[in-house]
Structures are given as structure tokens and as C-alpha cells.
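Given next are the chains, with one letter for each unit.
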Amino acid sequence: MSSSFSLFRTWNVQHLPSTPAAFVRHFIGHFKGWYLAILLLQIAAVVCSILIPWGLGQITRTVSNGLEADRAFEVLRWPLTLFAVLLVCEVLFTRAAAGCHIHVLPLQRRTVTHVVFAYLQQHSHRFISNEFAGALAHRVSEVTLGVNQTLSILLFDLIPLLVTLSLATALLWTASPLLALFMAGWSVVFIAICYLLARRSHPLAQQYSAARSTSTGKVVDAVSNLANIRLFARHAFEHSYLGTFLDKEVTAAYRSLGYMERIRWFQTSCGVVLKLGLLLLALYLWRSHRIDIAAFVMSTSLSLLIISDVGNLSRRFLEFFEATGNIANGVRSLIRPHEVIDQPGAKALQVKRGDIEFRDVGFSYGAGRPIFEHLNIVIPAGQKVGLVGASGSGKSTLLSVLLRLYDVQQGQVLVDGKDVRDVTQHSLHQQIGLIPQEPGLFHRSIRENIHYGRLDASMDEVAEAIHRAGAREFIDSMEHGYESLVGERGVKLSGGQRQRIAIARVLLKNAPILVMDEATSSLDSITERFIQDKLDEIMEDKTVLVVAHRLSTVAHLDRILVFDNGRVVEDGSHEQLLRQGGHYARLWSRQFSDALDEAVL
Ligand code: ATP
Ligand code: MG
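Position labels on residues start from 1 in each chain and follow its written sequence. Chain labels run from A onward and ligand labels from 1 onward, assigned in the order the entries are written. Whole-chain, interface and lining totals are the exception, using all residues; otherwise, since this is a predicted model, local features are given only for residues with pLDDT of at least 70 and side-chain atom pairs are given and counted only at 80 or more. Only hydrogens and water are removed before side-chain values are computed, so all heavy atoms of the structure are retained for them.

(A) Spotlight on the sheet that holds strand 4 (residues 410-415). Two strands qualify as a pair provided DSSP detects at least 2 bridges between them. Put simply, DSSP H or I for four residues or longer makes a helix, DSSP E for two residues or longer makes a strand, and each gets a number counted from the N terminus. Pairing is antiparallel in the open sheet, where four strands are placed in the order 2-1-4-5. In the strand order of this sheet, the two ends are held by strand 2 (372-379) and strand 5 (418-419), each with one partner. Note: strand 1 (residues 356-363) against strand 4, five bridges, orientation antiparallel. In the sheet register, Glu 357 faces strand 4, and the bridge partner there is Leu 414. Contacts between residues were defined by any pair of non-hydrogen atoms, one from each residue, lying within 4.5 Å. Note on geometry: axes are lines fitted to C-alpha atoms, helical ones only across the stretch in contact, with angles between N-to-C directions running from 0 to 180 degrees. Helix 13 (residues 395-402) contacts strand 1, strand 2 and strand 4 of the sheet and is inclined by roughly 110° relative to strand 1.

(B) Local environment of the domain arrangement of the chain. Under the domain assignment, the chain is made up of domain 1 (8-334) and domain 2 (366-431 + 511-600). The C-alpha centroid of domain 2 is placed 60 Å from the C-alpha centroid of domain 1. Domains are outlined according to an automatic or database domain assignment.

(C) Structural detail: the nonpolar core. With 41 residues, the main nonpolar core has Ile 450, Ile 501, Met 516, Leu 535 and Tyr 584 as its most contacted residues. Broken down by secondary-structure element, the contributors of at least two residues to this core are helix 15 (446-451), helix 16 (459-468), helix 17 (472-476), helix 18 (495-509), strand 7 (513-517), helix 19 (525-539), strand 8 (543-547) and strand 9 (559-564). Top contributing element to this core by residue count: helix 18, with seven residues. Apart from the residues within four sequence positions on either side, Leu 535 is in contact with Ile 503, Leu 507 and Met 516. Buried Ala, Val, Leu, Ile, Met, Phe, Trp, Tyr and Cys residues that are joined via side-chain atoms within 4.5 Å together make up what is termed a nonpolar core. Throughout this description, buried means an accessible area under 20% of the type-specific maximum (1.4 Å probe, protein chains only), exposed means over 50%, and partly exposed covers the range between. Listed in part, the 37 residues of the second largest apolar core include Leu 161, Leu 171, Phe 190 and Leu 281.

(D) Quick peek at the packing of helix 8 (residues 177-224) against helix 12 (residues 313-334). Following both chains from N to C, one finds helix 8 and helix 12 inclined at 50°, their axes separated by 8 Å at the closest point. Taken together, the axes of helix 8 and helix 12 lie oblique to each other. Two packed elements cross with a definite hand, and for helix 8 against helix 12 that hand is right-handed. Of helix 12, the residues touching helix 8 (which contributes Phe 190, Ile 191, Cys 194, Tyr 195, Ala 198, Arg 199, Ser 201, His 202 and Ala 205) are Leu 313, Ser 314, Phe 317, Leu 318, Phe 321 and Glu 322. By the convention adopted, Pro, Cys, Tyr, Trp, Phe, Met, Ile, Leu, Val and Ala count as nonpolar, Lys, Arg, Asp and Glu as charged, and the other residues, Gly among them, as polar. Taken together, the residues of the contact of helix 8 with helix 12 sort by class into ten nonpolar, three polar and two charged. Every angle not falling under 35 degrees, over 145, or within 65 to 115 is termed oblique; those three ranges are roughly parallel, roughly antiparallel and roughly perpendicular. The handedness criterion is simple: a crossing whose near helix is rotated anticlockwise from the far helix by less than a right angle is left-handed, and one whose near helix is rotated clockwise is right-handed.

(E) Broad picture of the coordination of the magnesium ion (ligand 2). At the metal site, the magnesium ion (ligand 2) is ligated by Ser 396 (OG) and Gln 437 (OE1), and these contacts range over 1.9 to 2.4 Å. Taken together, the residues Ser 396 in helix 13 and Gln 437 in the loop between strand 6 (432-435) and helix 15 connect sequence positions 41 residues apart. Residue classification places Ser 396 among the partly exposed positions, given a relative accessible area of 26%. The exposure class assigned to Gln 437 is partly exposed, which follows from its relative accessible area of 40%. Metal-coordinating donors are taken as N, O and S atoms lying within 2.8 Å of the metal, or within 3.2 Å when the metal is Na, K or Ca; because water is left out, some sites can appear incomplete.

What follows is the structure in C-alpha cells.
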């Protein structure tokens, strides 16, 4: 319990085993004591249940030895007591094992989810952007379930069954080696065939499950596009479209369920062989005086007990393969090495001045064309810099490499003279406030989303940030005010409202370096002006980078960098760039005349 509790606080998991078996072992390690207790209790329960037929045999022997009816209880006192003790103990051990399981199951689930999620959080921006959020979340829950299922099947089905068969064989050996050999031979053949059949049925079960998730996915997609279906009047089309996937599901179901039914036929037939075989063999041995009546009763009741235990062995194997398959899938897609990692012994960055330098930076996202080559930019502490340029010219990418969302392939990015690769990512992100191009909000209340900037901020500070971000008015007009939920990724807010929440959140964070990527692009110019004034106040003592298409947003800043294809083609203040009469000046006069046209209209 204590180990899992400390895990609760571990958010920075760097290493996890990357093979399914090692992965499960790793998590067993967190609750070793509990699993050992379950195993021992299960074995004890199995021993009791196997000894019950033996006890029955002893009672039968006493009865068949000419027991007088009125002395029955006196003579049978000890065998009966033993029998009763075995029955009670079997129940007690089984329930105790189940009790331990109930205790450890939720803790194990919590631990796996925590640890895998913590590992996932350390994955690079590239990894997260390449995967579907839903698919990653699904993998986390599959892995969690997989670990629990694997351990449950091992502890409650497969290991007890092996113990049962071994003990039954040993007990029968005491009566007659022939009976034991029959039992052992039957067990080996039965388990081997069940295993093979389950292996063969596994792909069929997987196809069935894939067909199920595809048709569920289609329903989800259609439901989320109900408005489109209605507006294009495509109800009938959607019905037949969904129909093809449902038909495939039915075919896959017939194949998988049909195969499972054939396996069940095999299992029940094997059961008949065991019951009849052991009965006939025991009868034969008894008739030829090679075993006594006690051994006869024991072997026939053992066969009944075993049949009830092995009844669903193939199903268990199949579930086992499914669970380990889920773990393997999850481990393969989640437990890949982290791409951007802190150097061993990396120190926390404490920004004192706030200067930024891109020194001879070369960067490309993949094998394609590089975005930056030999890029050099020096931004002194406290400077306010606007980044402008055509769409796709690399402005957002520059911010991403500053935040070390990606590592540069050449050169260095320095903050306060320190390479961003030599400090912890955590501290780097604490020192830089970013308002991104598309601010993502949590599906939580507005207050919670803003508090995210600084968790220990007081309500007054939150209110102040909201005021500065120009968000008070629309928040006050909402039904639940600060406590209103914003919808998934903030869909219940307009683009401009989302931006203002994102601005308030970063204002509350109050980091020494502020980076804005089209932070006010969705706002009307009056609201933008209002926020701009407030932002100017808080920019006072900070180094600031502002990406904007609307040049009026950056015109008043200390310096403007004009980007073109990953290169800085112009660099200077608004007045200097206008005087240069280059790219910026042309852009300015075009936007200025457009604005004038709008005003006239
Ligand atoms: P905009 O003004 O439209 O926001 P930008 O100047 O911010 O444009 P970037 O987002 O930096 O442009 O993109 C620069 C180039 O890098 C573009 O060609 C873009 O297609 C590419 N790019 C951006 N993000 C990725 C990514 N995650 N993976 C691969 N290529 C990317
Ligand atoms: Mg951009």
C-alpha cells in the first residue's frame, strides 16, 4: 500500500520495461506480498478441494467394512470431522484469496494507470502530435486492464489448475500407478490441445473484436456528424453505410463464436473420456483387487472435480492471450523511448535576465526540407520583439524550438546563456509563458482553466488576470460564471473567448519570458486594443516574443523580425522597416489601406 501511495506522487517516470512479460513482472513487484498471499491461499484451497475426494474414500471404506448403523457416528467421528474441516477450509481459503484480490485489484489498476500516464506525459511533442489522443487513452486503459486480467487468470485459473492436476495425479499414484498415468496422460493431452485451439481461435476473436470496434467507431463518427447527415439529407445513405460494417461484424462473430463452440464440444467430449475412463479403469482395478473401495470412490469423485475445474480452460487461455496481447499492443505503442529527455544531472533554469539567443540553428521536422539553416537571432533581456512573415515561414517553429518541444539538429538555443538542452524541461516551461496559436482548454470550469497558470493563486489574483485579459464581461454573462464548463477543448466558447481565457491563464503564470503566437488574432480590433494596453503593462519587465499577422499588433514593439522561408529577411523597429521600404513596408501599406477601406465602408 505504501509503495503505491508514493507512486501516486511520482509524475516523472523515465523508464518502463518494454516487453509484456517484464512489464507485468514490474507491476507484480509493487504488490509482491499481496500476490504471494493470494497464490498461497489459492494453493491451500486447491489442496483442500483435492483432499475432499480422498476423505470421501476413507468414509466409504469405513462404511463398507460392515459398519453397524447405530455406531456410525462414533466410528466415523474422525473421518467426518476431517471431511468437514476440509470443506470449511476450502471455502475460507478461497474467500480469503478473493478478498486479497479485491483489495489489490483497484490499487494495481491505479498504479498501472498512474505510471503509464506519467510515462506518456514525458513523450515528446512530436510523439503526441503524431498519435490520436483517443487512441493513446484507449491504450492506457487496455494496458491497465490487461495487467489485471493476466494476473487474475494466472492466479485464479491456470496456476490452481496445474496444482489440481499434479495433486490429483499424486493422490491417484498412492492408489494405483495405472490410475495416475491415465490422469497425467489425459491432463497433458487435454492442456496441450486446449492451448493450441485457443491459439488458433485468437486471431478469429481479434477479428471479431476489430469488427466490433470499427462498427462502434462508425456509429460514433456518424453521431458526431448528425448535423451533417441532416443538412445533406443522407439518412438512408448512412443506414446502408453502417449496414456494411454491421454485416462484417456478424460474419466475424459467426466465425469466432462458431470456433469457440467447436472447442467447447472438444472439451466436453474430453470430460466424458476422463469420467468414463477413470470409472472403468478404477472398476477394473477394484474387480481385480488391485485397489480398494476407498481408492475407487476417490478416483471417480476426483474425475468429477477435475471436470468442473477444467470446463472452460480454452476460454481462459483465449482470455489470457487477449490480455497479454493488449499489454503487448499498449507496450509497443506507449513504451517507446522518450525523444526529448533531460540530460543526466540537468539543473533547473532560473531566469535572471531573460535574454534569448538562437545561435547557428539548423532544424527540420523530419527528413524533408529544413525549416531553419544557420539561423542567428540575439534578443537582449527585456526586449519586445514582433515576428511577422508569410504563413509557413517558421514563426511558430521558432517558438517551438525555444520551448524545446523539438530539439534542434544544429547550433544552440540559449536562454540566459544556458542551452535549453542543459536545463530541465520542467523549469524551462515554468520560466516561459506561452499563448499558443490554438489554445487548448481542459473540459473543466473557466476558473480551473485559469488557475492552471498558477495553482496557488488567490481568487483575487484570478479575477485580476481575468480583468486584464478582457474576459470579465463575457464570463459574468455566462450562466454559471467562473464555474461554467468550457466543453471539450473549449468548444462552448468562441475563438476570441478561448484566447482571452488562455491570456488570463498565462498572465496568472507571470513567467519572466512571454511568448504569444497569434494570441489576439481572433479578437475584434477594439477588444484587441484593450487587451494590448493591459499586456503592455505586464510586459514591462519581461522579454516578449509576439507572432502576429496583423501588423498593428506588433508595430509598437521595440523590434520586428520579418521571416521568409525560415530566414530573417528584415530586422528593425517599425519606423526603421518602413524607411527601408522592403517587405514589411509593402505589407504595412497594404494592411493599412485595407483597414482604411474597411473604415470607409
Ligand atoms: P502560420 O503563420 O500559418 O502559423 P508559421 O510561420 O507559424 O505559419 P510554422 O508553423 O512554423 O509556420 O511552419 C513552418 C513549416 O513547418 C511549414 O511548412 C509547416 O508545414 C511545417 N510544420 C509545422 N509543424 C510541423 C510538424 N509538426 N511536423 C512537420 N512539419 C511541420
Ligand atoms: Mg504559426
